[in-house]
Protein chains: 2
Amino acid sequence: MPRTEEANQRIREEQREKILEGARKVFARKGRVATMADVATEAGVSQGLAYRYFANKEALFQALIEQVMQSTHTLMQRVVEMPGTPGERLDFLLSRIVKGRHKHLELVEFVQLLSQMQSSEEIPDHLREIVVRQGQPLRDMVRQLIIEGQATGEVAGDDPDQLMTHIFACLDGIFRLALRDPERFHKHVPDARIILRLLKP
Amino acid sequence: MPRTEEANQRIREEQREKILEGARKVFARKGRVATMADVATEAGVSQGLAYRYFANKEALFQALIEQVMQSTHTLMQRVVEMPGTPGERLDFLLSRIVKGRHKHLELVEFVQLLSQMQSSEEIPDHLREIVVRQGQPLRDMVRQLIIEGQATGEVAGDDPDQLMTHIFACLDGIFRLALRDPERFHKHVPDARIILRLLKP
């Protein structure tokens with residue numbers, strides 16, 4: 001029995017996701033020197049198949065960046081729609097970011113890597129622009145919730161930019177630990193509870 | 001009038017420090033692909049002079065690592081000798097680490113870079129061993145002060161390893177910010193006050 005169009009579509013999506021997963025791992029590990037061949041090997045597919053889904057490294061970069069942006073957007077939407085005080089929303093948002101690391105860790109590392117390529121010829125300007133900007137809406141949301149949380153007395157009365165900077169620097173360090181030493185990370189950073197203390201009045 | 005031996009010695013020390021400073025900057029910026037030629041250019045000296053002080057990149061690595069270890073050792077010694085409660089000592093220690101970033105930032109980045117070279121052929125085993133271990137005494141001291149601070153009620157009663165892991169991950173993120181965006185760092189991370197909140201009961 002020939003496969004239905006639906007089944008084919010599902011297979012294509014699974015293969016595409018498998019290649020993207022391999023790309024996340026390889027880029028996080030090898031950085032920008034990683035090749036399409038590395039990606040294919042990591043994903044367990046042939047180079048030919050990898051190229052059928054992504055014409056070149058640039059197309060892969062683009063798809064990976066879209067995944068980060070989509071996932072951040074979905075999380076932010078949930079925070080907008082949830083009930084609760086500003087402090088409760090901050091708690092939810094940061095807890096989800098720390099928990100979501102499992103899936104998006106390599107992606108986070110990859111984005112950081114790209115954002116550090118200030119003048120690389122290997123990443124086109126329009127992509128670099130997107131990468132540099134992609135974290136901004138999330139930073140804006142955290143900053144806004146900090147200000148609202150200060151009004152309700154749930155957040156310390158420091159300069160909101162100082163608080164926000166500390167939160168994101170701390171998350172950055174936590175994510176790097178998770179990549180470098182996953183075992184220690186899982187054991188010692190079970191949730192966002194200690195990180196949230198940075199905001200404690 | 002010929003220079004005295006003392007004056008010659010001072011000049012040699014200044015030149016050596018200038019080359020090491022250039023090396024810190026170049027390694028932090030370009031990573032392990034940096035060459036002796038890059039170091040010499042950054043330091044504003046000839047390649048010949050650079051080679052007179054350091055036979056090769058390995059000798060440079062070794063000297064840089066010794067600088068980190070020496071500076072950490074001096075700071076820890078001060079903490080051992082200072083009066084005050086465990087909480088006050090933690091405060092002093094972490095404040096000094098955050099303040100000391102100006103001088104040792106590139107060095108910190110360089111050490112992190114080396115510690116990530118799990119299987120590089122460019123750094124000999126004995127040096128990698130030293131790099132991986134060099135942070136351990138400082139981590140041990142912070143962990144011990146956390147436990148003592150819990151006994152005096154100055155530090156939150158969480159698992160000491162969890163607290164320690166958060167402190168060092170946060171410092172790591174803060175140092176990375178300082179390298180990536182010094183202006184934002186200086187404006188938004190003036191001291192260790194907010195970081196110390198991670199330990200707040």
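Residues numbered from 1 in each chain as written. Chains lettered and ligands numbered in written order. Predicted model: local features only at pLDDT ≥ 70, side-chain atom pairs only at ≥ 80, totals over all residues. Heavy atoms only, no water.

**Considering the interface of chain B and chain A**
Then comes step 1: If you look at the interface, chain B gives 33 residues, while chain A gives 32 residues.
Then comes step 2: Taken over both partners, the interface formed by chain B and chain A buries close to 2,900 Å², and the fraction arising from carbon and sulfur atoms is 53%.
Then comes step 3: Here chain B is connected to chain A by six salt bridges.
Then comes step 4: Where chain B meets chain A, there are ten residue pairs in polar contact (both at pLDDT 80 or more).
Then comes step 5: Of all elements in the fold, only α5 (86-116), α8 (160-180), α9 (182-188) and α10 (193-196) of chain B reach the threshold of two or more residues within the side of chain B that touches chain A.
Then comes step 6: The element contributing the most residues to the side of chain B that touches chain A is α8 of chain B, with 14 residues.
Then comes step 7: Of the residues that constitute the side of chain B that touches chain A, the class distribution is 14 nonpolar, seven polar and twelve charged. (Contact = heavy atoms within 4.5 Å. Buried area = accessible area lost by both parts, 1.4 Å probe. Salt bridge = Lys/Arg side-chain N within 4 Å of Asp/Glu carboxyl O. Polar contact = N/O pair within 3.5 Å; in protein donor to acceptor, adjacent residues only side chain to side chain. Helix = DSSP H or I, 4+ residues; strand = E, 2+ residues; numbered from the N terminus. Nonpolar A, V, L, I, M, F, W, Y, C, P; charged D, E, K, R; others polar.)

**Re helix α7 (residues 136-151) of chain B**
Residues and elements named next belong to chain B.
Then comes step 1: For α7, with 16 residues, the first-to-last C-alpha span of 23 Å sits near the 22 Å given by 1.5 Å per residue.
Then comes step 2: Listed as buried for α7 are Leu138, Arg139, Met141, Val142, Leu145, Ile146 and Gly149. In an axial view of α7, the angular spread of the buried residues amounts to 160°, which keeps them on one side of the axis.
Then comes step 3: Just past α7, the residue Gly153 takes up positive phi, approximately 80°. (Expected span 1.5 Å × (residues − 1). Buried < 20%, exposed > 50% of the residue type's maximum accessible area, 1.4 Å probe, protein only. Arc of directions from axis to C-beta.)

**A word on the pattern of salt bridges**
Residue and element names in this part refer to chain B.
Then comes step 1: The tally for this structure, following the rule as stated, stands at 16 salt bridges over all chains.
Then comes step 2: Glu17 is paired through a salt bridge with Arg24; the nearest N and O atoms lie 3.4 Å apart.
Then comes step 3: In this structure, Arg143 engages Asp161 in a salt bridge whose closest nitrogen and oxygen atoms are separated by 2.7 Å. On the criterion of sequence distance, the pair formed by Arg143 in helix α7 and Asp161 in helix α8 is long-range, its members being 18 residues apart.
Then comes step 4: Accessibility expressed as a relative area gives 23% for Asp161, which makes it partly exposed.

By themselves, these figures tell us nothing about what the structure is for.
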